[in-house]
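Examining the three-dimensional arrangement
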Amino acid sequence: MGLGEMSIAKLLKFRCTGCGNCCKEPLLPLTDEDLGRLVSHTGTDPMQLVKFVSKDEIDMDHEPEGFASLRQGKRVMVLKHVLGRCIYLGPDDRCSVYEERPLGCRVFPLDPTFSRSGKLVRLQLIQATECPYELDGHNSLRTLASLNQSYDGAMLRYRTKIADWNRLQRRRKRQGQTAQSARAFLAFLGVVAPRKPAQASSARRRLPPFDPSTT
Ligand code: SF4
Ligand code: SF4
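We now turn to the structure provided with this report. (Residues numbered from 1 in each chain as written. Chains lettered and ligands numbered in written order. Predicted model: local features only at pLDDT ≥ 70, side-chain atom pairs only at ≥ 80, totals over all residues. Heavy atoms only, no water.)

1. As for the overall build of the protein chain
Helix and strand counts for the protein chain stand at seven helices and seven strands. The contacts in the protein chain between residues at least 6 apart in sequence include a share of 68% that link residues at least 24 apart. On the protein chain, roughly 13,800 Å² of surface is accessible, and the fraction owed to carbon and sulfur atoms is 53%. (Helix = DSSP H or I, 4+ residues; strand = E, 2+ residues; numbered from the N terminus. Contact = heavy atoms within 4.5 Å. Areas by Shrake-Rupley, 256 points an atom, 1.4 Å probe, with all protein chains shown as cover.)

Here you go:
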């Protein structure tokens, strides 16, 4: 729903009460940059941090460019949840990687639209969960614009990589090959090291040199 100037002014006073709901129910789509930052900070294997979900598990029908073609089908990369909670949500309902948290967590739940000239023309709340906020805070327009720009930029870069990946998978299909795994996708994004060559090729390297006298 669009909001008038008064509502924008009101919503700019949004204050998060820290209930933790947005770290429980909604799944958070990640970018490769988010994941890279979390991996550098925690030293955890990226495959332990993410889950690849289908369109039945996440409401992103209107964003087909967020889906990567993997061996198991089209999937969106999200931050893993355990027992209905983000893996980084502490027992005190606080984020344990707050300084390194994904950009999607930083922008939630404010969804601003800026004009070309940089004027805030619309401000909405993302309705992904019950959000018991207060309207006694202060959000500077400058911070909102800068965060929004960072988020849009990271998302655009990531989706360009997804498009490249999907093109690669379509080419494999035309050549009669199956789509690659989620791990190969992470390697393509540069978040994990590519797998070492298969054992068969190293076994081949260990064969004795050819001896014509034995033929
Ligand atoms: S990374 Fe932190 S802020 Fe983001 S969903 Fe998880 S616990 Fe919440
Ligand atoms: S649901 Fe709303 S109030 Fe609760 S932690 Fe998230 S942003 Fe804050």
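2. Describing the site of ligand 2
Taken together, Cys-16, Thr-17, Gly-18, Cys-19, Gly-20, Asn-21, Cys-22, Pro-109, Glu-130, Cys-131 and Pro-132 make up all the residues around ligand 2. A class-by-class count of the residues in the shell around ligand 2 yields six nonpolar, four polar and one charged. (Near = heavy atom within 4 Å. Nonpolar A, V, L, I, M, F, W, Y, C, P; charged D, E, K, R; others polar.)

3. A look at the sheet that holds strand β2 (residues 68-70)
Within the open sheet, the three strands sit side by side as β1-β3-β2. Their pairing is antiparallel. Looking at which strands have only one partner, the edges of the open sheet turn out to be β1 (50-53) and β2. Taken over all neighbouring pairs, the strand axes of this sheet differ in orientation by 50° on average, direction set aside. Where β1 and strand β3 (residues 73-79) come together, four bridges link them in antiparallel fashion. Paired with Phe-52 across the strands is Met-77, a residue of β3. With respect to the sheet, helix α5 (residues 141-174) is in contact with β2 and β3, its orientation differing from that of β2 by roughly 35°. Taken strand by strand, helix α6 (residues 182-189) contacts β1, β2 and β3, and its axis lies near 115° from that of β1. (Pairing = 2+ DSSP bridges. Axes fitted to C-alpha atoms, helices over the stretch in contact; angles between N-to-C directions.)

The quantities given are spatial measurements derived from coordinates; they are silent on function.
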